[in-house]
Amino acid sequence: MTIFDRLLEAQQLLGKNREAALSPEEKKRYQLAMDALWFVWSNGQAYAFEDYLKDSEAQAPHRVIAAFATRDEADAWLKTQSRPPDLALVLIGDEYHIVLCSKDGSRCALVPDSEMEYHLEELMKAGTPAPEATFPTREEAMAWFNRQAEPAAQTVLQIGGANYLAVYYRNLQHRALFPFTLVERLHERRRRREREDPGE
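Residues numbered from 1 in each chain as written. Predicted model: local features only at pLDDT ≥ 70, side-chain atom pairs only at ≥ 80, totals over all residues. Heavy atoms only, no water.

J.: Help me get a handle on the packing of aromatic side chains, residues and values and all.
T.: For the coordinates displayed, the defined rule picks out eight aromatic pairs. Where F4 meets Y47, the ring centres are 5.5 Å apart and the plane angle is 90°; that geometry is what we call edge-to-face. Of the two residues, F4 is situated in helix α1 (residues 3-20) and Y47 in helix α3 (residues 46-57); the sequence distance between them amounts to 43 residues. For Y47, a relative accessible area of 55% puts it in the exposed group. Between F135 and W144, the ring centres sit 5.5 Å apart and the planes meet at 45°, which makes this aromatic pair tilted. Each member of the aromatic cluster is reached from another via a ring pair, and the members are F4, W38, W41 and Y47. It is R175 that lies over the ring of F145; its NZ or CZ is 5.7 Å from the centre. (Phe/Tyr/Trp six-rings, centres within 6.5 Å; stacked < 30°, edge-to-face > 60°. Helix = DSSP H or I, 4+ residues; strand = E, 2+ residues; numbered from the N terminus. Buried < 20%, exposed > 50% of the residue type's maximum accessible area, 1.4 Å probe, protein only. Lys NZ or Arg CZ within 6 Å of the ring centre and 35° of its normal.)

J.: Which residues make up the nonpolar core, and what are the values?
T.: Most often, soluble globular proteins have nonpolar side chains that are buried together. Grouped together as the largest cluster of nonpolar side chains are 16 residues, with contacts concentrated most on L91, Y96, M116, L120, L165, Y169 and F178. When contributions to this core are tallied by element, the ones reaching two or more residues are β2 (89-92), β3 (95-101), α5 (115-123), β7 (162-169), β8 (174-179) and α7 (182-196). When residues in this core are grouped by element, the largest group, three residues, is from β7. Not counting residues within four places of it along the chain, the set of residues in contact with F178 comprises L91, D94, Y96, M116, N163, Y164, L165, V167 and Y169. (Core = buried A, V, L, I, M, F, W, Y, C linked by side-chain atoms within 4.5 Å. Contact = heavy atoms within 4.5 Å.)

J.: Could you give me a rundown of the side chain of S114, with the residues and numbers involved?
T.: For S114, the position within the fold is in the loop between β4 (108-112) and α5. By relative accessible area, which is 18% here, S114 ends up buried. A polar side-chain atom of S114 sits 2.7 Å from a polar atom in the side chain of R189. (Polar contact = N/O pair within 3.5 Å; in protein donor to acceptor, adjacent residues only side chain to side chain.)

J.: Which residues make up the pattern of salt bridges, and what are the values?
T.: Inspection of the entire model under this criterion finds 14 salt bridges. Of the charged contacts, one joins R170 and D55 as a salt bridge, the two residues approaching to 2.8 Å between their closest N and O atoms. You can see R170 sitting in the loop between β7 and β8 and its partner D55 sitting in helix α3, a full 115 residues away along the chain. There is no split in this pair, since R170 and D55 are both buried. If you follow the salt bridges from partner to partner, you end up with D55, R63, E150 and R170 in one network. (Salt bridge = Lys/Arg side-chain N within 4 Å of Asp/Glu carboxyl O.)

J.: Quick rundown of the packing of α1 against helix α2 (residues 24-42)? Include the residues and the values.
T.: Where α1 meets α2, the closest approach of the two axes is 9 Å, and the angle between their N-to-C directions is 165°. By the angle between their axes, α1 is roughly antiparallel relative to α2. Here α1 and α2 pass one another in a crossing that is left-handed. Mapping the contact onto sequence places F4, L7, L8, A10, Q11, L14, G15, N17, R18 and E19 in α1 and K27, Y30, Q31, A33, M34, L37, W38 and W41 in α2. Each residue belonging to the contact of α1 with α2 can be placed in one class, and the counts come to 11 nonpolar, four polar and three charged. (Axes fitted to C-alpha atoms, helices over the stretch in contact; angles between N-to-C directions. Parallel < 35°, antiparallel > 145°, perpendicular 65-115°, else oblique. Left-handed = near helix turned anticlockwise from the far one by under 90°. Nonpolar A, V, L, I, M, F, W, Y, C, P; charged D, E, K, R; others polar.)

J.: Give a description of the sheet that holds strand β1 (residues 66-68) that names residues and reports values.
T.: Taken in spatial order, the four strands make up an open sheet running β1-β2-β3-β4, and their pairing is mixed. This sheet does not close on itself; its edge strands, each paired only once, are β1 and β4. Between one strand and the next, the sheet's axes are offset by a mean angle of 30°, whatever the strand orientation. Looking at chain direction, β2 and β3 are connected through four bridges and run antiparallel. Bridged to V90 within β3 is H97. (Pairing = 2+ DSSP bridges.)

Keep in mind these numbers describe shape, not what the thing actually does.
Okay, structure coming up:
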């Protein structure tokens with residue numbers, strides 16, 4: 001079944017449910033979902049949506065819309081956006097940031113985001129996943145990662161005795177390595193909050 005068939009099937013299902021909805025508010029919610037799918041179709045984004053679905057089914061980290069080596073590059077890019085991508089995620093030096101904008105788009109900022117820390121924490125709930133490959137250095141791991149023509153959305157690697165998540169952002173063809181030790185930052189922030197407000 002093609003992505004176009006899947007979109008049509010979803011539209012038909014939503015349409016049937018909209019007709020059966022009892023309240024005008026519920027009908028509007030179904031219509032919104034239908035309109036969102038038509039937006040994907042009519043803007044030529046069906047194949048990009050199909051890639052998104054593949055990553056979602058693989059339970060990969062949230063997608064980013066751009067990746068930058070430095071904060072200066074990211075800030076320069078943001079200034080060129082005629083319609084800033086509010087609430088979109090970007091990578092800056094392999095760290096997640098979220099785009100926050102005022103309603104009129106006149107003021108925008110790139111704010112650090114904990115998406116990867118939460119994702120790694122979730123992966124570790126049943127214990128640290130076993131690595132699929134082991135390397136003595138980060139350089140050798142990246143060389144191996146770059147040789148993969150179509151990598152998995154995420155792969156656990158061991159580098160110098162530490163575990164990393166190798167993430168392939170299909171929409172950008174960008175590869176990044178995230179140490180599992182990032183979870184410690186999340187735990188430290190929680191401990192700090194508990195110390196500051198023990199009754200929370």
